[in-house]
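In case you want the letters, here they are:
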Amino acid sequence: MSKEKSAPGAVLDLLSSLKLTLVLFFVLAAASVIGTLLPQEISLPELRDHFSPATASLINFLALNNLYHSMWFRILLLLLCTNLVACTIERLPKTIRLIRRFEAPFDSQKLSKFGISSSIAAALPFEQTQSVVESAVCETFGRMCRIESGRVGGQGPFCAVSETGRWSTLMVYGVHLSVLIVLVGALAGSYLGFKGAMNLTEGETSDKVMLAGDESVQGLPFEVRCDKFEVSFYDTGAPKEFRSDLAIIDKGREVLKESIVVNDPLTYEGITFYQASYGTTLKEAEIDLTDPDSGKKIALTLPFRQPVTIPGTDDQLVIADYQEDLMRVGQAIELVYGKQGRQSSAQWILIDRPYHGNRIENYLVRVTRIDKARFTGLQVKKDPGIWLVWAGFTLMTLAIGLTFYSSHRKLWVCIEPDKKRKKTIVTLAGRASRNAQAFEEKFEALRAELENRLKNPPAPL
Amino acid sequence: MTSSLLLSLTTFAYLLCTVLYLAGTIFRFKPLLAAGTITGAATLLMQTAGIGLRWVESYRMGYGHAPLSNMYESLVFASWAIMIIYLVFEWRVKQRALGVFPALFSFLAMAYASFSKDVDSKIQPLVPALKSNWLIAHVMTCFLGYAAFAVSCGLSLLYLVRKRFPENPNPQGGFVAFLPGASQLEWFNYQMVLFGFLWLSVGIITGSIWANSAWGTYWSWDPKETWSLITWFIYAALLHARNLQGWKGERVAWLSVIGFGCVLFTYFGVNFLLSGLHSYAR
């Protein structure tokens, strides 16, 4: 039989190796460092503003501008999970066998090789020595259990093991499982949930969420209305509180009214609304259009982002955007002029500065009145995976905590008669997975106590 | 008596404590080490009073929040956490000669908080994002972790020094004679890293629970979050490396020093060099 590993066996060996774990930790750490140094979630054209074209293309090609969501970063995380699972497959059965099984046969020869071991020669007969040892060990270390020794025969040695905290060796699997649970929860959240923003002016009702990233719209199964938005400030001028009074309207009926502030969101049917930002937006504007050739003047009222047909024409005008302070020259609206069958034209119009550039097509434009409204910026989220993430976090905390505070301690005892010298030899050995020093002190105390009791035995009953 | 007076005194008392520990180790004079411990414990009490008083003062000013809300307050707490973790550790392992680095780190944190122009020591009101009970849990757990890593960095440095000298130095063998053996230092370091790893994990977890209620996302790859994860990776690597042939010992000690470098960058570097959601921590 060849001892060569089969191909799947070799792969499992590699995947379950501790070296791979270490490499993955270092690579993940290095990748994360790069992600904090380079600007993230910016496009190739924006990259070209910061870097030379070749560097920008390289960054874009390696997805370093969206590193944490890139395929290769996910593959690294997947490898880490595979490593975790492979390690568990390889090591958990051994650990469980160790926990469930009694000790393998051992003798005093083996015990004397332990790091912590000691041997005492007692002048007492075998049976009496055994009872003295049992009571001393039980007082110091807890329950002892008798097990078979390697030798057969009536006068064979007595061997026993005493241990505490066997289960503590399992804790590391708890930590590993918790990492998997958190990652599965995060995955579930990103595939089954959504994250987006919703801007509501006071009095506005909406069921549409602008999704983060691709700017698509997600409809909600109910509507949200903002009744009021308030900001309060400290004396120092720093903001004190942002508060939105929200109402949920489900199938035309108002079912819930609640105020939200930062750190205190509102959840309805698994969808949560967070106070995220606020701002001012345009409600509507009145403008005068003047035809410089004829001198004819047209007054129009344009609601924000709703096209209005210019009287006497088929052309449409819409306010596409509004800026509180456009390039530091004040308030401005972006007008888009739409002509049937022709490309539309767009122009920024300054509201506070009626200058000659305020024109679109051949009209001179003057803004005569604007009506503004304050809006509240809500972050909207649905995350069905969050309970898994919380469960993983809880398990992680418990398992790491118990790893720190628990210890697997084991004590071996062998008692055998030495017929030549007419003595009984007691051999002790111990091992602790943690806090070896405290264990050693206890071991030393036991040894001293035993020596004392074996010299001055209690009177037999 | 004001909190700022108590905290100023604390700064100088930690300097004294550092000098005592250093002199005790170098001159191998045990009473100096005992004086270092006593100074450290007394300073810790004074600092605790200072932190408590600052809390009370914030209520008097009408803001009413735990003194854990900005760079100054977190530095004071970091220095406090390093000293309390070290003193408990000293008491548990009965080794006095390890106090130089923890005392020095505590002093440096206080000195930076008191004297740097970048750090504002005024009591300020909380911005809306910080108004949460998670503030106390998150900051305390993170800084207990950072403090444990500071102590473990000190232990690793001593370990590396110890390794340069033979195991059983003669009685005239200089200050190393006072240090515990290399294998014991290695074990202390491992324990301290495990303790720090526990608190760092809980700190990241409480932070992400808080972020979820404040911003609606428990993980957003913000530079602070990412750097805390990088730190977590490094210490996770350390805990695993210890079981690997050839890593236990010096390499693990160096990893602990690198890990503490990551802690410092998470704390200072991110605040001053990278922008992100944690900008109020300046």
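Refer to the structure presented above.
Residues numbered from 1 in each chain as written. Chains lettered and ligands numbered in written order. Predicted model: local features only at pLDDT ≥ 70, side-chain atom pairs only at ≥ 80, totals over all residues. Heavy atoms only, no water.

1. Regarding the overall build of chain A
Then, number 1: Summing up its helical and strand segments, chain A has 10 helices and 19 strands in all.
Then, number 2: For chain A, the C-alpha radius of gyration of 38 Å lies well beyond 23 Å, the compact-globule estimate for 461 residues.
Then, number 3: For chain A, the spread of C-alpha atoms along the principal axes amounts to about 135 × 55 × 45 Å.
Then, number 4: Burial statistics for chain A: of 461 residues in total, 41% are counted as buried.
Then, number 5: Long-range pairs, those at least 24 residues apart, make up 57% of the contacts in chain A with a sequence separation of at least 6. (Helix = DSSP H or I, 4+ residues; strand = E, 2+ residues; numbered from the N terminus. Rg over C-alpha atoms; globule rule 2.2 N^0.38 Å. Buried < 20%, exposed > 50% of the residue type's maximum accessible area, 1.4 Å probe, protein only. Contact = heavy atoms within 4.5 Å.)

2. Section: the sheet that holds strand S15 (residues 342-350) of chain A
Residue and element names in this part refer to chain A.
Then, number 1: Across the sheet, four strands lie side by side as S12-S13-S14-S15; this open sheet has antiparallel pairing. The open sheet has two edge strands, strand S12 (308-309) and S15, and neither has a second partner.
Then, number 2: Here strand S13 (residues 316-323) pairs with strand S14 (residues 332-339) via seven bridges, running antiparallel. Among the inter-strand pairings, Gln-323 is bridged to a residue of S14, identified as Ala-332. (Pairing = 2+ DSSP bridges.)

3. Quick notes on the nonpolar core
Then, number 1: Ranked by internal contacts, the top residues of the largest apolar core, which has 129 residues, are Leu98(B) and Trp232(B).
Then, number 2: At 17 residues, the largest contribution of residues to this core is made by helix H6 (residues 182-214) of chain B.
Then, number 3: Ranked by size, the runner-up nonpolar core spans 23 residues in total, among them Ala122(A), Val132(A), Val413(A) and Ile415(A). (Core = buried A, V, L, I, M, F, W, Y, C linked by side-chain atoms within 4.5 Å.)

4. A look at the packing of aromatic side chains
Then, number 1: Per the counting criterion, the structure on display carries 37 aromatic pairs over all chains.
Then, number 2: A centroid spacing of 6.3 Å and a plane angle of 35 degrees characterise the contact between Tyr337(A) and Tyr363(A), whose relative ring orientation is tilted. One end of the pair, Tyr337(A), is in strand S14; the other, Tyr363(A), is in strand S17 (residues 363-382), and 26 residues separate them in sequence.
Then, number 3: Residue Tyr337(A) is classed as buried on the basis of its relative accessible area, which comes to 3%.
Then, number 4: Ring centres of Phe143(B) and Tyr267(B) lie 5.0 Å apart, and the angle between their planes is 75 degrees; on these two criteria the pair is classed as edge-to-face. Taken together, the positions of Phe143(B) in helix H5 (residues 134-163) and Tyr267(B) in helix H8 (residues 250-273) put the pair 124 residues apart, joining distant regions of the chain.
Then, number 5: The rings of Phe77(B), Trp80(B), Tyr112(B), Phe143(B), Tyr146(B), Tyr267(B) and Phe268(B) are connected pair by pair, giving a single aromatic cluster.
Then, number 6: Between Arg242(B) and the ring centre of Tyr190(B), over which it is positioned, the NZ or CZ distance is 3.9 Å.
Then, number 7: Lying over the aromatic face of Trp247(B), Arg251(B) brings its terminal NZ or CZ to 4.8 Å of the ring centre. (Phe/Tyr/Trp six-rings, centres within 6.5 Å; stacked < 30°, edge-to-face > 60°. Lys NZ or Arg CZ within 6 Å of the ring centre and 35° of its normal.)

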